[in-house]
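The residues making up each chain are set out below.
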Amino acid sequence: MSKIPTIIIKKIEAVMKWPVKLLAKIQYGRDIFNDMNGKPRFAASQGKLNKLNTDQTALENIQNGLKMKPPTHTTDERNAALVLTKADCESLRNDVQDLADADPKNAETIINDSGFKIGIKTIKQKQQDGAKDDKATGDVILLAAGAGGHEWQISQNKRDITTLPSTSGAKTRVHDLPQGSIWFQRNRKILKRGKTGEWSDWKKFVVKGGTPSDESSAPPAPIPPAA
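What you see is a predicted model, and the numbers here were worked out from it, not measured in a lab.

Helix length check: helix α2 (residues 46-66), at 21 residues, gives a terminal C-alpha distance of 30 Å against a target of 30 Å (1.5 Å per residue), a fit within 8%. Elements that come into contact with the buried residues of α2 comprise α1 (22-36) and α3 (75-102).

Written as structure tokens, this is what we have:
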């Protein structure tokens, strides 16, 4: 059985590194508040920041009270206050992650600006029908969702169709497509006994690399993958 093709996605994450030492835990919420408070990009989280400030101030007052002789507060009160500030920070981390997900190009800047740490999460996803540019060569790599051999077609209008060589896997390579041109690709799986599956839906792609348009007027020349 052919292995289902997958793609690797690296996601930038906001990481909350809750300290181990007690005094660092007490300080953590104050640092997050100071980093995020009043910044326009975090305006939607201002209500949560106000709550963190309130809970953090209460925690600091309790900690100061523990230093009094006799103490005016208990360690149980301090621990309960720490639970609140930690939950406040976790909620704010979620807000920062939402902002980073909505603006991937600036995700690292957003997270750095918040006071949280940057983490990289590797995610495996099933490969879908589509296309991607090979920046090193300027070629376009066409992708299919299913495992095994495939037949391929490309077109600029879904009527005038170029059939590419079939492949034993779920991708193929095309070169000499004009830079900036718009294309569609579709594929179908090669089954046993010479049969084929149904054609996939046309998938649109734009050639970002390729050949400068004023230097290429010839039809695309497919490069079949190595056997």
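Having seen the structure, we can now continue with the description.
So, about α1. For α1, with 15 residues, the first-to-last C-alpha span of 23 Å sits near the 21 Å given by 1.5 Å per residue. The largest bend in α1 amounts to roughly 30 degrees and is located at Y28. Among all positions of α1, only I26, Y28, G29, R30, I32, F33 and M36 are buried. Where α1 is buried, its residues contact α2, α3 and α4 (107-114). Two residues or fewer after α1 comes G38, characterised by a positive phi angle close to 80 degrees.

The tally for this structure, following the rule as stated, stands at ten salt bridges. The partner of D113 in a salt bridge is K39, with the nearest N and O atoms 2.8 Å apart. Separated by 74 residues along the polypeptide, D113 in helix α4 and K39 in the loop between α1 and α2 bring together distant segments of the chain. Judged by its relative accessible area of 23%, D113 is partly exposed. On the basis of relative accessibility, which here comes to 24%, the residue K39 falls in the partly exposed class. Put simply, D55 and K51 hold a salt bridge, and the shortest N to O gap is 2.7 Å. In this pair, D55 and K51 both sit in helix α2, four residues apart, roughly one turn of the helix. Judged by relative accessible area, which is 13%, D55 ranks as buried. A single salt-bridge network, built from bridges that share partners, covers K39, R41 and D113.

Bringing the environment of S200 into the picture now. With respect to the secondary-structure elements, S200 resides in the loop between β8 (182-189) and β9 (203-206). Counting along the chain gives 55 residues from S200 to A145, while the straight-line C-alpha distance between them is 9.3 Å. Non-local contacts of S200, meaning those with residues more than four positions away in its chain, are made with D129, R186 and N187.

Each neighbour pair has its own omega, and for K69 with P70 the value is 0 degrees, a cis peptide bond. In this structure, P70 sits in the loop between α2 and α3. The backbone phi angle of D176 is positive, close to 65 degrees, even though this residue is not glycine. Mapped onto the elements of the fold, D176 is located in the loop between β7 (171-175) and β8. Backbone geometry places R193, a non-glycine residue, at a positive phi of 60 degrees. Relative to the assigned elements, R193 resides in the loop between β8 and β9. Since its relative accessible area comes to 80%, R193 is described here as exposed.

Basis of the calculations
Residues numbered from 1 in each chain as written. Predicted model: local features only at pLDDT ≥ 70, side-chain atom pairs only at ≥ 80, totals over all residues. Heavy atoms only, no water. Helix = DSSP H or I, 4+ residues; strand = E, 2+ residues; numbered from the N terminus. Expected span 1.5 Å × (residues − 1). Contact = heavy atoms within 4.5 Å. Bend = angle between axes of the 7 residues up to and from the residue. Buried < 20%, exposed > 50% of the residue type's maximum accessible area, 1.4 Å probe, protein only. Salt bridge = Lys/Arg side-chain N within 4 Å of Asp/Glu carboxyl O.

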